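# Residue-level structural notes
Listed here are the chains, written in short residue letters.
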Amino acid sequence: MEPQARRRYDVVHCSVVGHARYGLLVESEDGEHGFVDSSYITDKSGEPWPAVGGRLRCVVLGYTKEGRLRVAATPLYVEMVAAADDPDTAVDEWSLLTGRGRRHK
């Protein structure tokens, strides 16, 4: 896959390849490397992080300046975005209701 070929709010399946102090290191099903920020891993604070080797359904938030994929893996957020006809509007409403899911530019 070409760098930055995914669009914001695309759903992608990833494998956890490592843990870092800031979140999870992941690799997409087609080999793209990226990360999940710690605030986008679980629905509830204190839940354990997925183990290395675990598979996650994620939502693309964008790319870093270095070209690394940025994704969210919070289950409720992923389900909401995947089910929405208009993910931009759905994320805005989610953010207003929950204080989470802020828009990423």
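The structure this text deals with has already been given above.
As the structure is a computational prediction, the values presented were derived from the model and not from experiment.

### As for the pairing of strand β1 (residues 11–20)
In terms of strand pairing, β1 meets strand β4 (residues 55–63) through 5 bridges, oriented antiparallel. For Cys 14, the partnering residue across the bridge sits in β4 and is Leu 56. In this sheet, strand β2 (residues 23–28) lies alongside β1 in antiparallel orientation, the contact comprising 6 bridges. By the bridge assignment, Ser 15 is partnered in β2 with Glu 27. What sits between the antiparallel neighbours β1 and β2 is a turn of 2 residues.

### Looking at the environment of Arg 7
If you trace the backbone, Arg 7 turns up in the segment before β1. In sequence terms Arg 7 and Glu 29 are 22 residues apart; their C-alpha atoms lie 16 Å from each other.

### Here's the deal with the pattern of salt bridges
In total, this model carries 4 salt bridges according to the counting rule given. Between Arg 6 and Glu 32 there is a salt bridge, and its shortest N-O distance comes to 2.9 Å. Residue Arg 6 is found in the segment before β1, and its partner Glu 32 is found in the loop between β2 and β3 (33–37); the two are separated by 26 residues along the sequence. One salt-bridge network, held together by shared partners, links Arg 6, Asp 30 and Glu 32.

### Topic: the environment of Ala 20
Tracing the backbone through its elements, the reader meets Ala 20 in strand β1. Counting along the chain gives 18 residues from Ala 20 to Ser 38, while the straight-line C-alpha distance between them is 9.1 Å.

### Quick look at the packing of aromatic side chains
This model, assessed by the stated rule, comprises 2 aromatic pairs. Plain terms: the ring middles of Tyr 22 and Phe 35 are 5.8 Å apart, the flat faces sit at 90° to each other, and that makes the pair edge-to-face. With a gap of 13 residues between them, Tyr 22 in the loop between β1 and β2 and Phe 35 in strand β3 connect regions that are remote in the sequence.

### Examining helix α1 (residues 75–83)
Every buried residue of α1 is accounted for by Tyr 77, Val 78, Met 80 and Val 81. One side of α1 holds all its buried residues, which, seen down the axis, span an arc of 165°. Among the exposed residues of α1, those pointing more than 90 degrees away from its buried face are Leu 76 and Ala 83. Turning to α1, the residues buried within the fold contact β4, β5 (69–72) and α2 (87–98).

Analysis parameters
Residue indices follow the written sequence of each chain, beginning from 1 at its first position. Residue-level local features of this predicted model are given only where pLDDT is at least 70; pairs of side-chain atoms are given and counted only at 80 or more, and the full residue set underlies all totals for whole chains, interfaces and linings. In computing side-chain values, all of the structure's heavy atoms are included and hydrogens and water are not. Should DSSP find at least two bridges between two strands, the strands are regarded as paired. Put simply, DSSP marks the helices as runs of H or I at least four residues long and the strands as runs of E at least two long, and each gets a number from the N terminus on. Salt bridges are defined by distance alone: a side-chain nitrogen of Lys or Arg within 4 Å of a carboxyl oxygen of Asp or Glu. Centres within 6.5 Å are what make two rings of Phe, Tyr or Trp a pair, Trp counting through its six-membered ring; a difference in plane orientation under 30 degrees is then read as stacked, over 60 as edge-to-face, and the rest as tilted. Only protein chains enter the accessibility calculation, which uses a 1.4 Å probe; a residue is then buried when its area is under 20% of its type maximum, exposed when over 50%, and partly exposed in between. Working definition: the arc comes from the directions between the helix axis and the C-beta atoms, pointing outward to the latter. Here a residue-residue contact requires only that any non-hydrogen atoms of the pair lie within 4.5 Å.

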